[in-house]
Number of protein chains: 4
Amino acid sequence: MNKRGFASDNNSGIHPEILESIQNVNNGHTIGYGGDPYTANAIKKFEEHFGNGIDVYFVFNGTGANVLSITTLAHSFNSVICPQTAHIMTDECGAPEKLSGCKIIPVETTNGKLSPELIKPHLHGFEFEHHSQPKIISISQVTELGTIYSIDEIKAITELAHQYGLFVHMDGARIANAAIALDQPFKAFTRDAGIDVLSFGGTKNGMMIGEAVIFFNNQLSQNAKYIRKQSAQLYSKMRFVSAQFLAYFENDLWKRNATHSNQMAKILEEKVALLGIEITQKVEANAVFAIIDDKISEQLQQEYFFYPWDESKHEVRWMTSFDTQPEDIERFCKKLETLLNA
Amino acid sequence: MNKRGFASDNNSGIHPEILESIQNVNNGHTIGYGGDPYTANAIKKFEEHFGNGIDVYFVFNGTGANVLSITTLAHSFNSVICPQTAHIMTDECGAPEKLSGCKIIPVETTNGKLSPELIKPHLHGFEFEHHSQPKIISISQVTELGTIYSIDEIKAITELAHQYGLFVHMDGARIANAAIALDQPFKAFTRDAGIDVLSFGGTKNGMMIGEAVIFFNNQLSQNAKYIRKQSAQLYSKMRFVSAQFLAYFENDLWKRNATHSNQMAKILEEKVALLGIEITQKVEANAVFAIIDDKISEQLQQEYFFYPWDESKHEVRWMTSFDTQPEDIERFCKKLETLLNA
Amino acid sequence: MNKRGFASDNNSGIHPEILESIQNVNNGHTIGYGGDPYTANAIKKFEEHFGNGIDVYFVFNGTGANVLSITTLAHSFNSVICPQTAHIMTDECGAPEKLSGCKIIPVETTNGKLSPELIKPHLHGFEFEHHSQPKIISISQVTELGTIYSIDEIKAITELAHQYGLFVHMDGARIANAAIALDQPFKAFTRDAGIDVLSFGGTKNGMMIGEAVIFFNNQLSQNAKYIRKQSAQLYSKMRFVSAQFLAYFENDLWKRNATHSNQMAKILEEKVALLGIEITQKVEANAVFAIIDDKISEQLQQEYFFYPWDESKHEVRWMTSFDTQPEDIERFCKKLETLLNA
Amino acid sequence: MNKRGFASDNNSGIHPEILESIQNVNNGHTIGYGGDPYTANAIKKFEEHFGNGIDVYFVFNGTGANVLSITTLAHSFNSVICPQTAHIMTDECGAPEKLSGCKIIPVETTNGKLSPELIKPHLHGFEFEHHSQPKIISISQVTELGTIYSIDEIKAITELAHQYGLFVHMDGARIANAAIALDQPFKAFTRDAGIDVLSFGGTKNGMMIGEAVIFFNNQLSQNAKYIRKQSAQLYSKMRFVSAQFLAYFENDLWKRNATHSNQMAKILEEKVALLGIEITQKVEANAVFAIIDDKISEQLQQEYFFYPWDESKHEVRWMTSFDTQPEDIERFCKKLETLLNA
């Protein structure tokens, strides 16, 4: 039995209902590459949540989803404005630049969130051919710092963007956690808030594999199927990703999972705060950022592997997951307490 | 219950032992991106088959594997010589060109197989900077026409290639079927025959998802891990691909599956030949290429979807799979017979 | 004093009227990157020849022109169909693939010329995402084998292309020689014949540096200015290319130069034919392709450097230029005769 | 006669000695693409200045030079660290990203200059495949803000870089102005200070066209000739760029031109300072950055076009050139004075 820890929500496994759904569709032959009935049904589920007129593409992973979003909506001479902490900036080894050709413009933030104020200084040089033409603003919901944009904050960004002819991409690797935190349906803080394209993640919330890219204006995505294929993101036995999304939406599995992991983060926050640990970001979803002494961090990692976040500040990141149990937190905090008191 | 047909070996599902293995590793947390013990074990399985000193990278799909192979061993100013029928030429929507920057040089063949004779005219222009520098020869084993290279044929190609400083890539999307057809271990017709890098496919032979790229000289693949990540081919919950490879090698699942599907193709070939159907390629693995009247093809496809191959020649392709049953062939041929006699 | 030979029309220098024009605009300051009045005037010259509603971009060289043409009109998931002998296929070190991401599909020809018959087999797979989507047919006028398309031959190609929704690109590196050979204005065999985008070359016909890309439908080229810049093809002191085009069109310099070099090729053809040399392609512009014994070729090259064309056939290429003189041909043939008789 | 202004040093024309040199080599035929004797001689000139064992490539423009430098020394999964104000960051429309695939990491500075302190926070994530691997530090000498690195400042950067296995690229678009400002030979603040690759500009200091890329370790540049060709930066009639470099180095034309333009900037600085204008950057080469009222700027631009630099601060840039005359400054300042007093 592998131990549960707080390194990342992608260190967790597959929710049993997801695996069961894979098993359920595992009979006989179906047309490959998405021509099967399960995929059609899974797309209908997305339409139930996001409305009609959308265009949905399943891909393998979050980087694949972000790259498909950007490459479909931007030319290589465009730029993408995002927070310095964005996954596309710091954690994709330059995949967006290589695959789309675009310039990525990182913006310093305090909490992983862009705002019109932070964006505006980068909205210049339009029609000046020397300058990468701004075309996409990319925000993450939940952010990579575990924070959440309110609907109004999102609208302020999309209104600014559209006024300048830009699109807004949302990296929703943890979008279920955001929906729970906001207590809002997906549509309210994406399509209805002016988002143009969404990377909809499932893997970090109990799925085995698979993400979706959702274009909210299907006039803009006619090329997406070719771009997905040319980006090596088209899955042959597609029904097995589709089956996961079916289970994910049925019986609100996404909701149960995200509710639980958000709650676990709250408990973790409280427990470590009681130990006198400084928390550096608002705990709004399933991440806790904390300052701890390097030596203690190192000792703690021997038992519970996790990632340092900002070594210059002795900041670390702890993530909870759909399968995190209260006793996991209990044991983790006890260990931490012991180390602190040693 | 979905019907089984002959459209493609990727229209089949997941072998139960594969799914069981996924389930077996589905407990607790493990480090993501391949830092888990199952991945280490899966790589050991590859070493058992291919020897030590290799470098193995798991990716999502065949296009991803081919692109990682090419991009790791070639510069953008290189060219890749392959048969006109190669998957990298005809079925990847230009992914190799886009992701590696290389020129792909297609060579006409009669049976999907390159030979020194066919390759030599393209080995020129070395050090002439106007000319894409030849660097990789790519062959598919099994070929896209269902034919098989003998070990001697492969050696003739790799010897020529190495003499000119080129690498040889093998697209082994159906490598298990080739091993059965040749009655040889994988190593005999890959590493021992001079192949430099191999796309090792599993999905078409009963796995759910996942391919491996194997570099036989690990001095040449130091950059592969970055290229995999930048190509959006690095899987977070890697243990679930690794678990599949574990099951695939344990108890020789790969061998049982490929033996079966090759046998089914032989039976299919015999049955349709008895109906007077012209077979256009040697049936050496799990594909049958045949000439049939367009009208009959159309009617047959209403019940059994399959792909036309060369419409100008009324040629179609039928693939058998690990789960093809003799009664599937029986019913298919009966239907065909009825149509022919109508 | 450098000797004149027959290696290539780009081995020649600058026509004096071109240099004079550079000198004439060399005073004071003008806005860079094409914002100067000379560039505006040069574009007017193009409009005089090609009509209104065109969009003209100056670039540095022929490869730059071809790449700008392709990248502006195609997506990375498209393919470009061209003769096997096309410059974009054989002489640009993969620049089109790298910069556009497109697949280049080479077609065997006997004389460097495509035809509807040769193109049709490649017009398939539309909307099938696995297949690079055909989007551009590229023909060279003059071809790389020194042959010429008639207007009707061009129209047959453009009609087929447009019927399938493809664009036709003309690589006009030697377009002036073609206009002379056809005895037609540029427009007659480009815009009026259905060509969509033209790489208009000047360097091989007496200019110092600079080519133009002309889009005949300026609705399709809105992005070209950004693509030119991002391709590193935007010249800061643009007036000095524009001045060359001004001189090139004034007093019909282009016509005088091309008429002369075509005539010189005719004389060369006659002279070497008299020596019993086999000519392998129709001499329609300024190139002579001939079969000569390897040993004689080698000896001749010691005095007159030139390029072997197809070594397997002992075929060589001789080019005449705007500055080739009858006595150059005389001396060359005398030398050849001496070697043949030795 | 075109008027001289202060918009950019690339708004100036060609120094007469440069044009004369082009004319001098304009006779007969020479082998194209750099196989001519003038190119060999021009490279020798570079060796006189930079020492032996270097590798020199001529390209068309500064963007081409920067892209060749980066693409030769970095893989697509690498990153390039540069000041926020770097030309490669702000003025090349994303050419570095598109052509090299690399991530460009901009660093805020006060004066356009990097320092070890500013660089260090970006030197992390080594061998972590999720992170673009830092490989190149790019500095501009003169910087885009007209400031100059001292030799010690450069050494501090190259020592840090080499300690971490990174290369240092210098964008020397105005390198002659830097040499004059430092009163040092080129080699002292490039090769001897640890620079690995240099974009050596001539166009902004009196040449017509052409830049050079100099690799100081020719073991690292074996691929550069293919990359230059594939980047569409290989000039056919190369002798005409080489001739310019010959003239540029003979009789110290580079030195005379740069000395003059630096002096003119000093005079301009003094004159506008006397008018009470705030100067925002040290005037060390041929640029003057100043704050002026938007309305006055607008009126002044009607007569003397120039570029706003940072509109939020009402900052503008004035450049002097090799052909700037004291009376140009006189007239410009008089006009400015009139506007200020209006």
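The structure contained in this document is the topic of the report that follows. Model, not experiment: these values are computed from the prediction. (Residues numbered from 1 in each chain as written. Chains lettered and ligands numbered in written order. Predicted model: local features only at pLDDT ≥ 70, side-chain atom pairs only at ≥ 80, totals over all residues. Heavy atoms only, no water.)

Attention now moves to the interface of chain D and chain A. On the side of chain A, 22 residues touch chain D, which itself brings 22 residues to the contact. Summing the contributions of chain D and of chain A, the shared interface buries around 1700 Å²; its carbon and sulfur component is 52%. For the pair chain D and chain A, the number of links is 11 residue pairs in polar contact (both at pLDDT 80 or more). Counting residues per element, the ones that place at least two in the side of chain D that touches chain A are helix H4 (87–90), helix H5 (95–100) and strand S3 (103–107) of chain D. The leading source of residues in the side of chain D that touches chain A is S3 of chain D, at 4 residues. (Contact = heavy atoms within 4.5 Å. Buried area = accessible area lost by both parts, 1.4 Å probe. Polar contact = N/O pair within 3.5 Å; in protein donor to acceptor, adjacent residues only side chain to side chain. Helix = DSSP H or I, 4+ residues; strand = E, 2+ residues; numbered from the N terminus.)

What follows covers the sheet that holds strand S8 (residues 278–279) of chain C. Residue and element names in this part refer to chain C. Here 4 strands make up an open sheet; going across it, the order is S8-S9-S11-S10 and the pairing antiparallel. Two strands close off the open sheet at either side, each with one partner strand: S8 and strand S10 (307–310). With 3 bridges joining them, S10 and strand S11 (residues 315–319) adopt antiparallel strand pairing. Its bridge partner being in S11, proline 308 is matched across the sheet by valine 316. (Pairing = 2+ DSSP bridges.)

Turning next to the interface of chain B and chain A. Counting residues at the interface gives 58 residues for chain B, matched by 58 residues for chain A. With both sides pooled, the region where chain B packs onto chain A buries about 5000 Å², and carbon together with sulfur makes up 54% of that total. On the chain B side of the interface with chain A, the three residues burying the most area are His29, Gln230 and Lys237 of chain B, jointly 16% of the side's total. Here chain B is connected to chain A by 0 salt bridges. At the junction of chain B and chain A, the tally comes to 42 residue pairs in polar contact (both at pLDDT 80 or more). Looking at the side of chain B that touches chain A, the elements with two or more residues in it are helix H1 (16–24), helix H3 (62–73), helix H5 (95–100), helix H9 (224–230) and helix H10 (239–249) of chain B. Across the side of chain B that touches chain A, the residue classes tally to 22 nonpolar, 26 polar and 10 charged. (Salt bridge = Lys/Arg side-chain N within 4 Å of Asp/Glu carboxyl O. Nonpolar A, V, L, I, M, F, W, Y, C, P; charged D, E, K, R; others polar.)

Residue and element names in this part refer to chain D. Mapped onto the elements of the fold, glycine 146 is located in the loop between strand S4 (133–140) and helix H7 (151–163). For glycine 146 and glutamate 284, which are 138 residues apart along the polypeptide, the C-alpha to C-alpha distance reads 6.2 Å. Those residues in contact with glycine 146 that sit more than four places away from it in its chain are Lys282, Glu284, Ala285, Ala287 and Phe289.

This next bit is on the relation of the copies chain D and chain A. Mapping chain D onto chain A leaves a residual RMSD of 0.0 Å; the transformation is a rotation of 180 degrees accompanied by 0.0 Å of translation along its axis. Taken together, the rotation and translation describe the operation of a two-fold axis. The C-alpha atom lying nearest the rotation axis in chain D is that of glutamate 97 of chain D; the distance is 2.9 Å. Residue by residue, 100% of the interface of chain D is reproduced at the interface of chain A, so both copies engage with the same surface. (Least-squares fit on C-alpha atoms with pLDDT ≥ 70 in both.)

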